[in-house]
Structures are given as structure tokens and as C-alpha cells.
Amino acid sequence: MVTDLISTSDLSKVDPVFGQLSFDNHEQLVFCNDKDTGLRAIIGIHNTTLGPALGGTRMWNYETEWDALNDVLRLSRGMTFKAAITGLNLGGGKAVIIGDAKTQKTPELMKRFGEFVHSLSGRYITAEDVGMETKDMDLVREVTPYVTGISEEKGGAGNPSPITAYGVFMGMKAAAKYAFGSEILEDRTVYVEGIGNVGEALVENLSNEGAKIFISDINQERLDYVSKKYNASIYTGNDLYSEEMDIYAPCALGATINDRTIHQFKAKVIAGGANNQLADEHKHGLLLRDRGIVYAPDFLINAGGIINVYAELENYGRHEIIRKTENIFNTTLEILQNAETNDITAHQAAFDVAQARIDARKKEN
Ligand code: NAD
């Protein structure tokens, strides 16, 4: 029994869910467990003021359940503000599945997860995130309509990652224009950390523009493949953050801008696809600003994917997806200028626009 190990008075101090640092008035958390398939997942619904909570499912081998809970809380909150600033009628949600996507993901597990999504009757709509592919969403689609990011053969808009990367590329160009006076990335040194679905597609855009690209990943096979395909240099050092570079593009997991790394950065611009790049939005946002590093807010510039999957719900086509995604350039530039005018961080400026839209909708309801 747990109480044999920890006294109940100690347990009462823990406040495991509502007391979490990352808890931010989330509406609902669903813990999903299925012994037969080995599924252990958490679905987080942060806010549904603007619409049903949409956000991808991440499968990751979390060290502890706390890490998984913390991740789903942070990720689902981020989705609320991403949908809001992008002008979509969606709320914020996300799911995490605890486990190794390479060895523990089975069709049965994905379908069982889909049944849990279905049990929420559309309050939460899923899609891909780290560790997931289009074919996984096709399996979820077999048991619930509350899924996006399904393959084009099955009537979906396909893998959202290339569009996410294109939006990140647009945001990066806007940040470059703000920082360097030109959006042209030719000959700019860009470090892309994490070259999975989004990172690789970003490398492709950068390569087409003639940027000097360095890549890093924990997966050597991916490094060899992407390096060869796009003529990108593999970063072999062990202190990426303190390298001289124009742009740092985080495209792996979140929180790489943290107490340990914040003073190391030599990059002039940070613009990448990863969610929740700032370990502490306020503190690290301020420190970046103080150091004169232009930061393109993650939830603003990585919204291409949600624009792509939203098309499946709203039935708009490729042309509109591209138009909305290209608009990330204008919004990013406006946010950076607005932050300067109001002497606030770029993250805060983006957050304020998103929050204002949510507040206005609340008043209407
Ligand atoms: P992915 O699983 O395809 O790729 C992630 C890559 O990061 C993998 O190659 C992995 O090996 C690498 N990685 C993990 N830890 C690393 C580390 N410590 N250092 C270097 N590399 C590391 O995932 P993805 O779909 O490309 O998503 C990447 C990021 O973008 C995530 O933060 C995700 O939440 C965010 N995002 C993705 C989408 C999308 O459309 N896929 C949309 C918005 C945001």
C-alpha cells in the first residue's frame, strides 16, 4: 500500500493535479488505462471557449508519470493560445501516451486510445504529435470521428508536419526581417535541433533558400539521412546553444530555453517548431529580450499544422491552408513590433492577442 511508504500527511502536501505548477485552470483531465493493450495515456482539455479542444497526441517514454502529466498540461494550454491567435474556432487540448513509440505502439493500443477519445463525444479532437504518424490517426479513425491528420486516401488533409514547417519558415523569415532588416535567409547560419517530421521539412525550406544549415538529433540514422538529402552539416559538438549562429530553430521537445541554456545563446533569432520552448514563459521571455535575442513565439509560428487539420473540420482546401499559413509572416512581424512599442516580451504580446480573443468570445456567450 502506498500509505505504508508515504504518510497520508505527506501525500496531502503533494497536490498532484490541481497543485501542479503547470496547472492553469484546465477544464478536464482524463486518465486512460487499458491493461490488455498496455495503454496509459492522459488527455488534457485546457479551454473550450472558442470550440472543441483540438491537439495532437504525443507518445514518449517519459521518465515519470509526473513528467507526462506536466507535459500534457503545458501542451494543452499552448493549444488554446495557438488556436486563438490563429483565429480558429477551436479550444486547446492535447494527449500523451506513456511509452516508446518505436517498440510499444500497436494497432490495438491506438484503437483503444481512440475509444477513450470517442468517450469524450467531441470535446477533444486528436491529431499527430511527436511519436505519431498519419497511419496511426487512420487507426484511431476506425473507432471515432473525433480525429484529424488522417491520410488523404482516407479523406483527410494528410500529414500536417510539412505545413507546420512552412509556417515556422514564414515566422522565421519575419523574425529575420525584424532582426536583420531582411527576410532573405540565404547564407544565414541556422541550427535546427530535432530533424523529425517538422525539422526535416524546415531543413528542406531552408535548403531551397540557400541557408547554411546545421542539424542535431539524438537519432543518428535521421542525421545521416537528412544531412545527405539536403546537404546540411551535422553538428558534432556538445554545446550547441553557445555556437555562433544567426538563428536557432528548436524542433525537438520543449523547454530547451531554460535556466541552464539561457545565458549560453549566441543566436540573434530563435524561431522553431517545438511546442513550449520557454521553460518559464515569463522569466525566460524577459531574459531573451534583455539579451537582445529576437524570439518568434512558438505557438504563433508553429500553427501551420493546426491550420492544416482544421481544414478537415471546416472543409477548406489547399489554397486556403497555404494562405492562412503564409499569414504567419505578417502576424509575427506585427507581434514583434507590438512587443517593442509596448515594451513587453514577444511571448507576452502574442499571448495578450490570444487572450483578448478568448475573453471577447466569453462575453458574447
Ligand atoms: P518527431 O517525433 O517527428 O520529431 C522529433 C525529433 O526530435 C526526432 O527526430 C527526435 O529524435 C528528436 N529529438 C528528441 N529529443 C531530442 C534532443 N534532446 N535533441 C535533439 N533531437 C531530439 O516530431 P515532430 O512532429 O517533428 O514535432 C517536433 C516538435 O514540433 C514537437 O515539439 C511538436 O510538439 C512540435 N509541433 C509539431 C507539429 C506537427 O505538425 N507535427 C505541429 C506543431 C508543433
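None of these values were measured; they are calculated from a predicted model.

Undergrad: Would you mind showing me how to read the overall build of the protein here?
TA: Within the protein, the regular secondary structure consists of 13 helices and 12 strands. For 365 residues, the compact-globule estimate of 2.2 N^0.38 gives 21 Å, and the C-alpha radius of gyration of the protein, at 20 Å, lies within 12% of that figure. Dimensions of the protein along its principal axes, counting C-alpha atoms only, are 60 × 50 × 50 Å. Here the protein, with 365 residues, has 55% of them falling under the buried criterion.

Undergrad: Help me understand the domain arrangement of the protein in this model?
TA: How large an interface is tends to be reported as the accessible area lost when its parts come together. Each assigned domain of the protein is listed with its residue range as follows: domain 1 (2-12 + 20-76 + 91-159) and domain 2 (162-356). Averaged C-alpha coordinates put domain 1 and domain 2 at centres separated by 25 Å. Contacts between the two partners involve 20 residues from domain 1 and, on the opposite side, 14 residues from domain 2. Carbon and sulfur atoms supply 52% of the area that domain 1 and domain 2 bury against each other, a total of about 1400 Å² over both sides.

Undergrad: Teacher, can you tell me more about helix α9 (residues 281-290) here?
TA: Because the α-helix completes a turn every 3.6 residues, residues three or four places apart line up on one side. Taken as a whole, α9 has its buried residues at His-284, Gly-285 and Leu-288. Buried residues of α9 fall within an arc of 105° about the axis and therefore sit on the same side. Across α9 from its buried face, at more than 90 degrees, point the exposed residues His-282 and Asp-290. Of the surrounding secondary structure, the elements contacted by the buried residues of α9 are β11 (269-270) and β12 (294-295). Its side-chain oxygen 3.1 Å from the backbone nitrogen of His-282, Asp-280 forms the N-cap of α9. Gly-292, located one to two residues past α9, shows a positive phi value of around 75°.

Undergrad: Could you clarify how one ought to interpret the pattern of salt bridges in this entry?
TA: Where side chains of opposite charge bring their charged atoms close, a pairing between them can arise. Taken as a whole and assessed by the stated rule, the structure comprises 23 salt bridges. Salt-bridge contacts for Arg-58 lead to Asp-129; the nearest nitrogen and oxygen are separated by 2.7 Å. Note that Arg-58 is positioned in strand β4 (residues 57-60) and Asp-129 in the loop between β6 (124-125) and α5 (134-141), a separation of 71 residues in sequence. Overall, the relative accessible area of 3% leaves Arg-58 in the buried class. According to the relative accessible area criterion, Asp-129 is buried, its value standing at 15%. Its salt-bridge partner being Glu-281, residue Arg-77 comes within 2.6 Å of it at the nearest N-O pair. Of this pair, Arg-77 sits in helix α3 (residues 65-86) while Glu-281 sits in helix α9, and the two are 204 residues apart along the sequence. Since its relative accessible area comes to 16%, Arg-77 is described here as buried.

Undergrad: Can you walk me through the packing of aromatic side chains in this structure?
TA: The relative placement of two aromatic rings is captured by the distance of their centres and the angle of their planes. Under the counting rule described, the total for this entry stands at eight aromatic pairs. Ring geometry for Tyr-248 against Phe-265: centres 5.3 Å apart, planes inclined by 35°, an arrangement best described as tilted. Here Phe-265 lies in the loop between β10 (247-250) and β11 and Tyr-248 lies in strand β10, a separation of 17 residues in the sequence. Across the pair, Phe-265 and Tyr-248 agree in class, each one buried. On the numbers, 6.1 Å between centres and 65° between planes, the contact of Tyr-310 with Tyr-316 is edge-to-face. Aromatic rings pair up to connect Tyr-191, Phe-214 and Tyr-235 into one cluster. Above the ring of Phe-180, the side-chain terminus of Arg-188 is found at 3.9 Å from the ring centroid. Between Lys-324 and the ring centre of Tyr-316, over which it is positioned, the NZ or CZ distance is 5.0 Å.

Undergrad: What am I meant to see in the sheet that holds strand β7 (residues 189-193) here?
TA: Each strand in a sheet pairs with another by means of backbone hydrogen bonds, the pair being arranged parallel or else antiparallel. Here we have six strands laid out as an open sheet, ordered β9-β8-β7-β10-β11-β12, and parallel in their pairing. Bordering the open sheet on either side are β9 (233-234) and β12, each of which pairs with just one other strand. Taken together, the two bridges between β11 and β12 define a ladder with parallel strand orientation. By the bridge assignment, Ile-270 is partnered in β12 with Tyr-295.

Undergrad: Please clarify how helix α12 (residues 318-342) should be interpreted in this entry.
TA: Its 25 residues place the ends of α12 36 Å apart at the C-alpha level, agreeing with the 36 Å of an ideal helix rising 1.5 Å per residue. Tucked inside the fold, the buried residues of α12 contact α3, α6 (161-180), β12, α10 (298-301), α11 (304-314) and α13 (346-364). In the stretch just after α12, Asp-343 is the one whose phi turns positive, near 55°.

Undergrad: What is the right way to read unusual backbone geometry from this model?
TA: Leaving glycine out, the prevailing phi sign among residues is negative, and the prevailing peptide bond configuration is trans. Phi is positive for Ser-121, close to 55°, though the residue is something other than glycine. The residue Ser-121 is located in the loop between α4 (107-118) and β6 in this model. Given a relative accessible area of 56%, Ser-121 falls into the exposed group. Its identity is not glycine, yet Ala-255 carries a phi of approximately 60°, on the positive side. Within the fold, Ala-255 resides in the loop between β10 and β11. What makes Ala-255 partly exposed here is its relative accessible area of 28%.

Undergrad: Help me understand the packing of α6 against α12 in this model?
TA: To characterise two packed helices, one gives the angle between the axes of the helices and the distance between these axes. Interhelical geometry of α6 versus α12 gives an angle of 30° and a closest axis separation of 9 Å. The orientation of α6 with respect to α12, classified from their angle, is roughly parallel. α6 and α12 meet at a crossing whose hand is right-handed. Touching Ile-163, Tyr-166, Gly-167, Met-170, Gly-171, Lys-173, Ala-174, Ala-175, Lys-177 and Tyr-178 of α6 are Arg-318, Ile-321, Ile-322, Thr-325, Glu-326, Ile-328, Phe-329, Thr-332, Leu-333, Leu-336, Gln-337 and Glu-340, all from α12. Tallied by class, residues from the contact of α6 with α12 come to 12 nonpolar, five polar and five charged.

Criteria and thresholds
- Numbers given to residues run from 1 along each chain, matching the order in which its sequence is written.
- Whole-chain, interface and lining totals are the exception, using all residues; otherwise, since this is a predicted model, local features are given only for residues with pLDDT of at least 70 and side-chain atom pairs are given and counted only at 80 or more.
- Based on all heavy atoms of the structure, the side-chain values leave hydrogens and waters out of the count.
- Each helix is a run of H or I in the DSSP string that is no shorter than four residues. Each strand is a run of E no shorter than two, and both are numbered from the N terminus.
- In this treatment the radius of gyration is a C-alpha quantity, and the globule benchmark scales as 2.2 Å times the residue count to the 0.38 power.
- Only protein chains enter the area calculation, which uses a 1.4 Å probe; residues under 20% of their type maximum are buried, those over 50% are exposed, and those in between are partly exposed.
- As annotated, the domain borders come from an automatic or database domain assignment.
- In this analysis, two residues are considered to be in contact whenever any of their non-hydrogen atoms come within 4.5 Å of each other.
- Here's the idea: put two parts together, see how much 1.4 Å probe accessible area each one loses, and the total over both is what we call buried area.
- As used here, the arc is the angular range of directions from the helix axis to the C-beta atoms.
- Polar contacts, as counted here, are pairs of nitrogen or oxygen atoms within 3.5 Å of one another; within protein the pair requires one atom able to donate a hydrogen and one able to accept it, and residues that are adjacent in sequence qualify only if both atoms are side-chain atoms.
- Here, a salt bridge means any Lys or Arg side-chain nitrogen found within 4 Å of an Asp or Glu carboxyl oxygen.
- What counts as a ring pair is set by centres within 6.5 Å for rings of Phe, Tyr and Trp (its six-membered ring), and what kind of pair is set by the plane angle: stacked under 30 degrees, edge-to-face over 60, tilted for all other angles.
- To sit over a ring, a charge needs its Lys NZ or Arg CZ within 6 Å of the ring centre and within 35 degrees of the ring normal.
- Strand pairing is defined by DSSP finding a minimum of two bridges between the two strands.
- Expected helix span is computed as 1.5 Å times (number of residues minus one).
- Every axis corresponds to a line fitted to the C-alpha atoms, with the helix fit spanning only the stretch in contact, and the corresponding angles, defined between N-to-C directions, vary from 0 to 180 degrees.
- Angle categories: roughly parallel below 35 degrees, roughly antiparallel above 145, roughly perpendicular from 65 to 115, and oblique for all the rest.
- Two helices that cross are described as forming a left-handed crossing if the nearer one is turned anticlockwise from the farther one by less than a right angle, and a right-handed crossing if clockwise.
- All amino acids are sorted into three groups, where Ala, Val, Leu, Ile, Met, Phe, Trp, Tyr, Cys and Pro are nonpolar, Asp, Glu, Lys and Arg are charged, and the leftover types, Gly among them, are polar.

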